[in-house]
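Structure assessment
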Amino acid sequence: QVQLVESGGGLVQPGGSLRLSCAQSGSIFSIVFMGWYRQAPGKARERVAGIANNGVTTYASSVKGRFTISRDNAKNTVYLQMNSLKPEDTAVYYCNVDARRAPGSPVANYWGQGTQVTVSS
């Protein structure tokens, strides 16, 4: 079974920084795409950053220039460095992975349990 475990959330003042981590465990043959999503109360879940298996990154316009996604393949971990945080960044942040569990198998999608990020003075 594949598991994604996020960590690093918490309470931070506006202008502060946090680094989220998402550690993957279980049997995965290859990762196609990894992303960070967030969901604020009363709002739809949105993707804030993604990184493809070739290293190409994408960002939502609301976080571009402030957030950086990266991955450590040796540790099976993806990170989200969040700088210059704003109150509107407050949300539950989720890690998401598209991966194959075996050669030629269909791509499956996995979610972590989420970690709360609160930006407030």
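As a reminder, the structure under discussion sits directly above these lines.
Reference entry: report on the structure contained in this document. (Residues numbered from 1 in each chain as written. Predicted model: local features only at pLDDT ≥ 70, side-chain atom pairs only at ≥ 80, totals over all residues. Heavy atoms only, no water.)

Thoughts on the sheet that holds strand S3 (residues 18–25)
Here we have four strands laid out as an open sheet, ordered S1-S3-S8-S7, and antiparallel in their pairing. The sheet is open, and its two borders are formed by strand S1 (3–7) and strand S7 (67–72), each paired with just one other strand. Averaged over all adjacent pairs, the angle separating strand axes in this sheet is 15°, with direction ignored. By the bridge criterion, five bridges tie S1 to S3 in an arrangement that is antiparallel. When the bridges of S3 are listed, Ser-7 appears paired with Ser-21. (Pairing = 2+ DSSP bridges. Helix = DSSP H or I, 4+ residues; strand = E, 2+ residues; numbered from the N terminus. Axes fitted to C-alpha atoms, helices over the stretch in contact; angles between N-to-C directions.)

Observations regarding unusual backbone geometry
Apart from glycine, the bulk of residues carry a negative phi angle, and the bulk of peptide bonds sit in the trans form. Look at Asn-76: it is not a glycine, yet its phi comes out positive at around 50°. Tracing the chain through its elements places Asn-76 in the loop between S7 and strand S8 (77–82). The phi torsion at Ser-84 lies on the positive side, around 50°, for a residue other than glycine. Tracing the backbone through its elements, the reader meets Ser-84 in the loop between S8 and strand S9 (91–100).

Quick notes on the pattern of salt bridges
As a working rule, side chains carrying opposite charge can pair if their charged atoms are close by. Counted by the stated rule, this structure contains three salt bridges. Residues Asp-89 and Arg-38 are paired through a salt bridge, measuring 2.9 Å at the closest nitrogen-oxygen approach. Placement of Asp-89 in the loop between S8 and S9 and of Arg-38 in strand S4 (residues 30–39) is noted, with a sequence separation of 51 residues between them. For Asp-89, a relative accessible area of 1% puts it in the buried group. Linked through salt bridges whose partners overlap, the residues forming this network are Arg-38, Glu-46, Arg-66 and Asp-89. (Salt bridge = Lys/Arg side-chain N within 4 Å of Asp/Glu carboxyl O. Buried < 20%, exposed > 50% of the residue type's maximum accessible area, 1.4 Å probe, protein only.)

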